[in-house]
There are 2 protein chains.
Amino acid sequence: MIGDRLTAIVGAPHLDLGAAVADDDCHDEALGVAPVRPAAVVRPGSTAEVAAVVVAAGELGVPVTARGSGTGLSGAAVPVEGGIVVSFERMASILELDVANQVAVVEPGVTLAELDAALAPLGLVYPVFPGEQSASLGGNVSTNAGGMRAVKYGVTRHHVLGLEAVLGTGEVISTGGRFVKATSGYDLTQLIVGSEGTLALVTRAVLRLHPRPGHQSTLLAPFATVEQVAEAVPPVVASGVGPLLVEYIDMISMAGITANAGIDLGIPQAVRDAALAYLVVVLEGHHEDRVAEDTEALAVQLAELGALDVYVLPDHAGHDLISAREHAFWASKAAGADDIVDAVVPRASIPAYLADVGRLAAATGSLVVGCGHAGDGNVHLSVFQADPDVRHGLLHDILAAAVALGGAVSGEHGIGTAKLASYADLEDPVKLALMRRIKTAFDPHGILNPGTVFAADASLPAANRGARP
Amino acid sequence: MIGDRLTAIVGAPHLDLGAAVADDDCHDEALGVAPVRPAAVVRPGSTAEVAAVVVAAGELGVPVTARGSGTGLSGAAVPVEGGIVVSFERMASILELDVANQVAVVEPGVTLAELDAALAPLGLVYPVFPGEQSASLGGNVSTNAGGMRAVKYGVTRHHVLGLEAVLGTGEVISTGGRFVKATSGYDLTQLIVGSEGTLALVTRAVLRLHPRPGHQSTLLAPFATVEQVAEAVPPVVASGVGPLLVEYIDMISMAGITANAGIDLGIPQAVRDAALAYLVVVLEGHHEDRVAEDTEALAVQLAELGALDVYVLPDHAGHDLISAREHAFWASKAAGADDIVDAVVPRASIPAYLADVGRLAAATGSLVVGCGHAGDGNVHLSVFQADPDVRHGLLHDILAAAVALGGAVSGEHGIGTAKLASYADLEDPVKLALMRRIKTAFDPHGILNPGTVFAADASLPAANRGARP
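Residues numbered from 1 in each chain as written. Chains lettered and ligands numbered in written order. Predicted model: local features only at pLDDT ≥ 70, side-chain atom pairs only at ≥ 80, totals over all residues. Heavy atoms only, no water.

### Re the pattern of salt bridges
- Counted by the stated rule, this structure contains 38 salt bridges over all chains.
- Notably, a salt bridge pairs A:Asp23 with A:Arg37, separated by 2.7 Å at the nearest N-O pair. Of this pair, A:Asp23 sits in the loop between β1 (15-17) and β2 (40-42) while A:Arg37 sits in the loop between β1 and β2, and the two are 14 residues apart along the sequence.
- Classification of A:Arg37 as partly exposed rests on a relative accessible area of 36%.
- With a shortest N-O distance of 3.0 Å, A:Arg157 and B:Asp187 are connected by a salt bridge. Within this pair, whereas A:Arg157 is found in the loop between α5 (150-153) and β8 (160-167), its partner B:Asp187 is found in the loop between β9 (172-176) and α6 (188-192), the two belonging to separate chains. (Salt bridge = Lys/Arg side-chain N within 4 Å of Asp/Glu carboxyl O. Helix = DSSP H or I, 4+ residues; strand = E, 2+ residues; numbered from the N terminus. Buried < 20%, exposed > 50% of the residue type's maximum accessible area, 1.4 Å probe, protein only.)

### What to know about the side chain of A:Ser382
Residues and elements named next belong to chain A.
- Here Ser-382 shows up in strand β18 (residues 378-384).
- Its relative accessible area of 12% is what places Ser-382 among the buried residues.
- A distance of 2.5 Å separates a polar atom in the side chain of Ser-382 from a polar atom in the side chain of Ser-332.
- Discounting residues that sit within four places of it in the chain, Ser-382 has contacts with Ser-332, Ala-337, Asp-339, Ile-340, Leu-367, Val-368 and Val-369. (Polar contact = N/O pair within 3.5 Å; in protein donor to acceptor, adjacent residues only side chain to side chain. Contact = heavy atoms within 4.5 Å.)

### Overview of the nonpolar core
- Counting 163 residues, the largest nonpolar core has A:Tyr353, A:Ile438, B:Tyr353 and B:Ile438 as its most contacted members.
- Apart from residues no more than four positions distant in its own chain, B:Tyr353 is found in contact with B:Val341, B:Ala343, B:Val345, B:Val379, B:Leu381, B:Ile398, B:Leu399, B:Ala401, B:Ala402 and B:Leu405. (Core = buried A, V, L, I, M, F, W, Y, C linked by side-chain atoms within 4.5 Å.)

### Some points on the relation of the copies chain B and chain A
- The transformation that overlays chain B on chain A combines an axial shift of 0.0 Å with a rotation of 180°, and the residual RMSD is 0.0 Å. The superposition of one copy onto the other is thereby described by a two-fold rotation axis. Using C-alpha coordinates, one finds that chain B approaches the rotation axis most closely at B:Ile438, a distance of 2.9 Å.
- A high fraction, 100%, of the interface residues of chain B reappear at the interface in chain A, so the copies pair face to face through one surface. (Least-squares fit on C-alpha atoms with pLDDT ≥ 70 in both.)

### Overview of unusual backbone geometry
Residue and element names in this part refer to chain B.
- The residue Gln-102 is not glycine, and still its phi comes out positive at about 50°.
- Position of Gln-102 among the secondary structure elements: in the loop between β5 (94-98) and β6 (103-106).
- A positive phi is found at Glu-196, a non-glycine position, where the angle reads about 55°.
- Within the secondary structure, Glu-196 is located in the loop between α6 and β10 (200-208).

### Digging into the environment of B:Gly365
- Mapped onto the secondary structure, B:Gly365 falls in the loop between α13 (350-364) and β17 (367-373).
- By relative accessible area, B:Gly365 is classed as exposed at 64%.

### Brief notes about the environment of A:Pro44
Residue and element names in this part refer to chain A.
- With respect to the helices and strands, the residue Pro-44 is situated in the loop between β2 and α2 (47-60).
- Residue classification places Pro-44 among the buried residues on the basis of a relative accessible area of 0%.
- Separated by 45 residues in the primary sequence, Pro-44 and Glu-89 have C-alpha atoms spaced 8.4 Å apart.

### Remarks on the interface of chain B and chain A
- Taken residue by residue, the interface counts 79 residues in chain B and 79 residues in chain A.
- A combined buried area of about 6200 Å² lies between chain B and chain A, and 57% of that area is made up of carbon and sulfur atoms.
- By the criterion of area lost to chain A, the three top residues of chain B are B:Lys181, B:Thr183 and B:Tyr186, representing 16% of everything that side buries.
- Linking chain B with chain A are 10 salt bridges.
- Here chain B is connected to chain A by 38 residue pairs in polar contact (both at pLDDT 80 or more).
- Every element with two or more residues in the side of chain B that touches chain A is listed here: α5 (150-153), β9, α6, α7 (226-238), α10 (288-304) and α16 (429-442) of chain B.
- For the side of chain B that touches chain A, the element with the most residues is α16(B), which contributes nine residues. (Buried area = accessible area lost by both parts, 1.4 Å probe.)

### A short note on the domain arrangement of chain A
Residue and element names in this part refer to chain A.
- Assigned domains within chain A: domain 1 (2-87), domain 2 (94-211), domain 3 (215-325) and domain 4 (336-424).
- A separation of 23 Å is found between the C-alpha centroids of domain 3 and domain 4.
- Taken together, the contact pairs 15 residues of domain 3 with 16 residues of domain 4.
- The largest share of the area that domain 3 buries against domain 4 comes from Ala-230, Tyr-248 and Arg-325, three residues that together contribute 38% of it.
- Our enumeration of links across domain 3 and domain 4 arrives at zero salt bridges.
- In this assembly, domain 3 and domain 4 are joined by six residue pairs in polar contact (both at pLDDT 80 or more).
- At the level of elements, α7 (226-238), β13 (245-250) and α8 (251-261) are the ones that each hand at least two residues to the side of domain 3 that touches domain 4. (Domains from an automatic or database assignment.)

### Digging into the sheet that holds β17(B)
Residue and element names in this part refer to chain B.
- Taken together, seven strands build an open sheet; the order of strands is β15-β12-β14-β13-β17-β18-β16 and the sheet is antiparallel. A single partner strand is all that each edge strand has here, and the edge strands are β15 (311-313) and β16 (339-341). Recorded for the sheet is a direction-independent mean angle of 20° between the axes of neighbouring strands.
- Strand direction decides the pairing type here: strand β13 (residues 245-250) and strand β14 (residues 277-285), joined by six bridges, are antiparallel. Each bridged residue has a counterpart across the sheet, and for Ile-249 the counterpart in β14 is Tyr-278.
- Where helix α8 (residues 251-261) meets the sheet, its contacts fall on β12 (215-223), β13, β14 and β17, and the angle it forms with β13 comes to roughly 100°. (Pairing = 2+ DSSP bridges. Axes fitted to C-alpha atoms, helices over the stretch in contact; angles between N-to-C directions.)

Given below as structure tokens:
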């Protein structure tokens, strides 16, 4: 039944059913979320086909999960039992690079790497670098992807000017446009960004671009304690130097990511022995002399803030370090981390948060190490604790500590399915109820990625939410 | 009945009923929107009182309109017949200036001028300057206020990190926090921003601040045609110089705003005779020498782009010109303008848009002049056409022309009640229906500013939407 309907829409070559579904389409990169084999994977070639699939799913009462590159870290792209995965691998064209308006119009399957390669020759940049360049822009929009450059440029949300999207009704809407401001009705664009496929399927995005600065410099400052690193962040941000990124990396994570990438930063052993954490700051600009002048001033400031030393890395070493940091997740996974956390807290609360995390780790006999986008308060932790019950309790407490400091459960990975239980426990029930009503406004049948962000609506037919009979 | 309920909540001194309502509370600054006397004006002193008023209004079936400083230009703060105005004049405290996190926490009645005065000594700035410094931050949030600096900093939306707000149910929610990134549920903050009081009443805002640059320079470049000015904008933005503002002002508007402000820019008569329009660019920075160097480079670029001449204005003259431009609305009103437009189009489409507007003006024997935030495609027009029927048709056609070019009906003033009919006509019915469902999710009784943004829901009780029996 599903097979016939979907074949009629996308054609047999673009449909996998049951056992024919590729293993890769059954999971994303979230640790600890089990793969699920969907009833079908479709690869539509147009917005009209996506809309037809959603209409069919609504009529059949079958859940729909959108899939980009599958690089998500929260389980939001893990299929729902009995559901349909809509893969955007055939909708992967850069439709337009509009230089005069500094706008790119892309289909959801375009990867960050592809877009960057197309923009570099034009002297433009889409400045969201969440670390995994094979990630798709559709996935980035759905998770409001962030990354290291958020302290300067903001996150995906700040660069999505407009969307084309298919509602749960199968209706297609276009939101926003090639402009940064409008007050003309509710901002549907921003509502869909970060909604993890639960409100609509994004079929096109209008993205804001920026002039591409030609010069960079990377400073590396070891500190005696993680707290000192964290305390150095607000003054660096306040200096007006406008850093591209401000990262902290603790000692163990630094050892892990440099070893994983096979790089040697040439830091003397004595400094390495004394350093419990590192601050990495990258500056960029259109003028080489200004970047050099700011680098000099920042080095002085970091020394005054207590750095054990300050290294201005040669270009290749700076690039290698940032690249290694971008792959911290893989280093962590290779080291056997049992789970990861990407909570966000107010920037100035990072020291207090890391102290809380240290206490929670010690109390449970766990190893919790990390690095993070210190400039914007987004802390990334790797949790090593083999006992699942202890681990689940620890993870929950680590997230609760962030919320208690005025933070949020996830800075950029999303709630997905992985953090659903903690989020449900830590979020205001009034807001959760409001979000459910908003979901119903977009998706009256409850078929769009049910069980993601919050539990599927129990009042809906069981099939729609992928529940087994 | 209403009087007793409201007196019990806010106390008699903070309540005006019927004829005792001040004339000032019956209107905003929208041209052509008639004042309406509400049943009551309340001035609550706390979020709890606001919530109690909303609960009472829901039970009584009475519309509620939020009011800040009343400087809006779309009629969104004009009361609803028989309704309650919630004035935030007593909730006007700066609750916290959090320097480490570069965040201000304010009540809705705080004005832009008050916040700026408090931030300047700290070396910080809230960079949204919509022109009217007596405007309240609550009003700014509700209309997603923009202004001249949006080309560098974005608009209100980009600086609201979190909100406390009262839903139409009387429930109070807190959204976001002191961080720029999160993917933890739907972005309720961004949904409320720009919703013109139809989704919730904002009782507190967490605002993003920036280091306050100490140096500015102002360039004024007359051009022979408006089209040349508009065509110069994309290259200036693309240069990477990061201008604080990029404004175009046509000849008639320039004469009007300088005369209204009593300033003389010292431009030779021969240049003035040849100039049909002016480009104003302001640069700012933390380093005086860099601002000077960029000013020089920009002057060369503007000359190459066809400017008749380029003037780097002395500080006081630059300040006077920008101040006069900020008050363009008042100059326009003083000159007898019958209505104003603030449509937005893609930046590169401004020449085409102004050509369309010129044709529409000529065809109806109207005078349409203007200036605008050229850097972000936001065109401000003053329309002189005394015949109301001709004017309404012309206004509609001017807005339709913006939408046809991929723009939007309002860049920053909002739809309010003034542009409701055109918006309803030009917006996708699928999106309008979705927005109505979203409104219902926030405001099930339909009491929050009914008849603003879109027509009140006819299925609701007549009293709730302020309809006369």
